[in-house]
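So the chains spell out like this:
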Amino acid sequence: MNRPGDADSVTGARDGHYMRRAIALAERGGSRPGFGPIGCVIVIDGEIISEACNEADSRHDPTAHAEIVAIRRATESLKTTELRGATLYSTLQPCGMCTMASIWARIGRIVFGAGRRQVHKMYFEGRHLDTIDFINDAFRDDLQVTEGVLCGQCAALYYKPGEDVPFAEQTNI
Ligand SMILES: [Zn+2]
């Protein structure tokens, strides 16, 4: 796994550019009833193929996480089930479902901002299992992960570890 400082400056600048777009999507999602403050952008060859925020409440669909919605939009628009060469940017470390979906979609690289240790535990389904372990254990060995891009700005979108979360906004706990 790479951290932002490991990437060359061109990749780092590019990652920052797309992550800023994901943050804008997350901010818009967080301000709209039925949508959530997680933003995702899928990029192939420098072109944004799809983007989304969390749409679970508005769709009455618990699987409509930003990453799932963005993957579906990308595969539908390209009429394929494989997103080889794609980079998925997410403001928050993808959950288990979205990590698995990325593996099945043959996404080449996952870039996320805030990691699970920087946000409240309710955003993840497992007490201890880190979704990075799914990737490390996958049969695929060509999926790259970069964490911590614009980490502070991304983490500011979410409840902090141990923070009191209003009952109406609690998920998964
Ligand atoms: Zn998810």
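Residues numbered from 1 in each chain as written. Predicted model: local features only at pLDDT ≥ 70, side-chain atom pairs only at ≥ 80, totals over all residues.

Caption draft 1: Representation of the overall build of the protein chain. Assigned secondary structure in the protein chain consists of six helices and five strands. Of the regular secondary structure in the protein chain, the N- to C-terminal order runs α-β-β-α-α-β-α-β-α-β-α. In terms of overall dimensions, the protein chain is globule-like: its C-alpha atoms have a radius of gyration of 15 Å, near the 16 Å expected for 173 residues. With respect to the principal axes defined by its C-alpha atoms, the protein chain has extents near 40 × 35 × 30 Å. For the protein chain, long-range pairs separated by at least 24 residues make up 63% of all intrachain contacts whose partners lie at least 6 apart in sequence. (Helix = DSSP H or I, 4+ residues; strand = E, 2+ residues; numbered from the N terminus. Rg over C-alpha atoms; globule rule 2.2 N^0.38 Å. Contact = placed C-beta atoms within 7 Å.)

Caption draft 2: Seen up close, helix H1 (residues 9–30). With 22 residues, H1 extends 31 Å between its outermost C-alpha atoms, agreeing within 8% with the 32 Å of an ideal straight helix rising 1.5 Å per residue. What H1 keeps buried is the set Asp-15, Tyr-18, Met-19, Ala-22, Ile-23, Leu-25, Ala-26 and Gly-29. The arc that holds every buried residue of H1, seen down its axis, measures 160°, which confines them to one face. Residues Ser-9, Val-10 and Ala-13 are exposed on H1 and point more than 90 degrees away from its buried face. Those residues of H1 hidden inside the fold are in contact with strand E1 (36–44), strand E2 (47–54), strand E3 (86–92), strand E4 (109–114), strand E5 (144–147) and helix H6 (151–155). (Expected span 1.5 Å × (residues − 1). Buried ≥ 20, exposed ≤ 12 C-beta atoms within 10 Å, placed from the backbone. Arc of directions from axis to C-beta.)

Caption draft 3: Main features of the sheet that holds E4. An order of E2-E1-E3-E4-E5 is seen for the five strands of this open sheet, with the pairing classed as mixed. With partners counted over all chains shown, the strands left at the sheet margins are E2 and E5, one partner each. The average undirected angle you get between the axes of adjacent strands in this sheet is 15°. H1 contacts E1, E2, E3, E4 and E5 of the sheet and is inclined by roughly 145° relative to E1. (Pairing = 2+ DSSP bridges. Axes fitted to C-alpha atoms, helices over the stretch in contact; angles between N-to-C directions.)

Caption draft 4: Here's a closer look at the nonpolar core. Formed by 43 residues in total, the largest nonpolar core has its most connected members in Met-19, Ala-22, Cys-40, Val-41, Ile-42, Ala-70 and Tyr-89. If you list the elements that add at least two residues to this core, you get H1, E1, E2, helix H3 (66–78), E3, helix H4 (96–104), E4 and H6. Those residues in contact with Ile-42 that lie beyond four places of it in its chain are Ile-49, Ser-50, Ala-70, Ile-71, Ala-74, Leu-83, Ala-86 and Leu-88. (Core = buried A, V, L, I, M, F, W, Y, C linked by C-beta atoms within 7 Å.)

Caption draft 5: Inspection of the environment of Val-145 at higher detail. In this structure, Val-145 sits in strand E5. Looking at Val-145, the number of C-beta atoms within 10 Å reads 19, which means it is partly exposed. Taking the C-alpha atoms as reference, Val-145 lies 8.0 Å from Phe-112; in sequence the two are 33 residues apart.

Caption draft 6: Molecular detail of unusual backbone geometry. Notably, Asp-45 is not glycine yet its phi reads approximately 50°, a positive angle. Examined against the element boundaries, Asp-45 turns out to sit in the loop between E1 and E2. The class for Asp-45 is exposed, based on 8 C-beta atoms found within 10 Å. Its identity is not glycine, yet Lys-79 carries a phi of approximately 55°, on the positive side. Note on placement: Lys-79 falls in the loop between H3 and E3.

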